[in-house]
Amino acid sequence: MPEVTTHTRTVSLDGAMLDLSWAASTDTGRRREVNQDAVLAEYPLFVVADGMGGHLGGEIASASTVDRLRAVVDNQSVSTKNIEKALSRAVKDIVAHPETTDEGTGTTLTGLYLETHTEEPHWVTLNIGDSRVYLLRDGEIVQVTTDHSVVQELIAAGRLSPEEAENHPYGNVITRAVGPSDSVKPDYLRLDVLDGDRFVICSDGLTKELTDFGIRHFLDNNADPAAAVEAMMAAALENGGRDNITIVVLDVARRSS
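Residues numbered from 1 in each chain as written. Predicted model: local features only at pLDDT ≥ 70, side-chain atom pairs only at ≥ 80, totals over all residues. Heavy atoms only, no water.

Asks: Explain the overall build of the protein to me, using residue names and the numbers behind them.
Replies: Check the secondary structure of the protein and you find seven helices and twelve strands. For the protein, whose C-alpha radius of gyration is 17 Å, the value lies close to the compact-globule estimate of 18 Å for 257 residues. In terms of overall dimensions, the protein has C-alpha extents of about 55 × 40 × 35 Å along its principal axes. Scored against the burial criterion, the 257 residues of the protein give a buried share of 51%. Partitioning the contacts of the protein with sequence separation of at least 6, the portion at a separation of at least 24 is 68%. In the structure as shown, the protein presents an accessible area of about 12100 Å², 45% of it carried by carbon and sulfur atoms. (Helix = DSSP H or I, 4+ residues; strand = E, 2+ residues; numbered from the N terminus. Rg over C-alpha atoms; globule rule 2.2 N^0.38 Å. Buried < 20%, exposed > 50% of the residue type's maximum accessible area, 1.4 Å probe, protein only. Contact = heavy atoms within 4.5 Å. Areas by Shrake-Rupley, 256 points an atom, 1.4 Å probe, with all protein chains shown as cover.)

This is the structure we're talking about:
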């Protein structure tokens, strides 16, 4: 497993300073030959993409999506409008690539960015598919995003319990993706910027192997983001590593300027 590094950034807000620290890692896992996950963790945007599709399709879909979003970060123009433009370009890249002939080719996308061009800064989460954003706040861990999956729809309809969902045969079937046949408009949610918050952004390769309680356990026992990422990755691999695994841990410290 490659060494994981913690990165830092201090952001000046109106009347406050924000100290951000984060780390990211991705691993093929123990059962897959190719890593179809991709990750972008560059201020102010932190996202994970989990590709799907035969041959190299999924790898191309996730990489194309992250590359188009990286251009938005490089242009310092991160917004919902520009994210959606980037995703539309990524879909064109996917369609045009000779290796993406599988009809099921596409990628999930989940993460968040810091919006500072408003009166009060806030986090904006974005989600398409079943990769997830978790928030640890005041000692409680919460899944912020809602999965776009057959299983989640069954849970929401009261036809399936969360416990039954864990081993459901349609557990890997998602209902939305960044791909040729789907909308590229993510679900968005705004969150306050609070001191002490910790975010985990991950592909389902992590949540197949660790429960929410397990994720919280490794956060509680590892104050440094890189250490937390490494601990969760090691545990997920030890628990089976059935899929590609990608993890971002982002810590927030807010203080008066």
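Asks: Summarise unusual backbone geometry; cite the residues concerned and give the values.
Replies: Omega for the peptide link from Y43 to P44 comes to 10°, which places this bond in the cis form. Among the secondary structure elements, P44 is positioned in the loop between strand 3 (37-42) and strand 4 (45-52). In this structure, Q76 is a non-glycine residue whose phi angle is positive, near 55°. By the secondary structure assignment, Q76 is in the loop between helix 1 (57-74) and helix 2 (80-96).

Asks: Now, about the packing of aromatic side chains: what can you tell me, with residues and values included?
Replies: Here the structure, examined in full by the defined rule, presents two aromatic pairs. Here W123 and F199 contribute two aromatic rings whose centre-to-centre distance is 5.4 Å and whose plane-to-plane angle is 65°, an arrangement assigned as edge-to-face. A residue pair is termed long-range when its members are at least 10 positions apart, and W123 in strand 7 (residues 122-128) and F199 in strand 11 (residues 198-202) qualify at 76 residues. For the pair formed by W123 and F199, the shared burial category is buried. (Phe/Tyr/Trp six-rings, centres within 6.5 Å; stacked < 30°, edge-to-face > 60°.)

Asks: Can you explain the side chain of E115? Please cite residues and give values.
Replies: Along the polypeptide, E115 turns up in strand 6 (residues 109-115). Within the buried core, E115 has no salt-bridge partner, and the shortest N-O distance to an opposite charge, that of R190, equals 6.3 Å. Discounting chain neighbours no more than four positions away, the residues touching E115 are P121, H122 and V124. (Lys, Arg positive; Asp, Glu negative; His and termini not counted. Salt bridge = Lys/Arg side-chain N within 4 Å of Asp/Glu carboxyl O.)

Asks: Could you give an account of the packing of helix 6 (residues 212-220) against helix 7 (residues 225-238), with specific residues and numbers?
Replies: Their axes nearest at 9 Å, the elements helix 6 and helix 7 cross at an angle of 140°. Viewed along their axes, helix 6 and helix 7 adopt a mutual orientation that is oblique. As helix 6 packs across helix 7, the resulting crossing turns out to be right-handed. Side by side, helix 6 and helix 7 meet where I215, F218 and L219 of the first sit next to A228, A231, M232 and A235 of the second. Here the contact of helix 6 with helix 7 is composed, by residue class, of seven nonpolar, no polar and no charged. (Axes fitted to C-alpha atoms, helices over the stretch in contact; angles between N-to-C directions. Parallel < 35°, antiparallel > 145°, perpendicular 65-115°, else oblique. Left-handed = near helix turned anticlockwise from the far one by under 90°. Nonpolar A, V, L, I, M, F, W, Y, C, P; charged D, E, K, R; others polar.)

Asks: Can you break down the pattern of salt bridges residue by residue, with the values?
Replies: Evaluation of the coordinates by the stated rule reveals 15 salt bridges. Its salt-bridge partner being R216, residue D220 comes within 3.3 Å of it at the nearest N-O pair. Of this pair, D220 and R216 both sit in helix 6, four residues apart, roughly one helical turn. Here D220 falls in the partly exposed class, since its relative accessible area comes to 49%.

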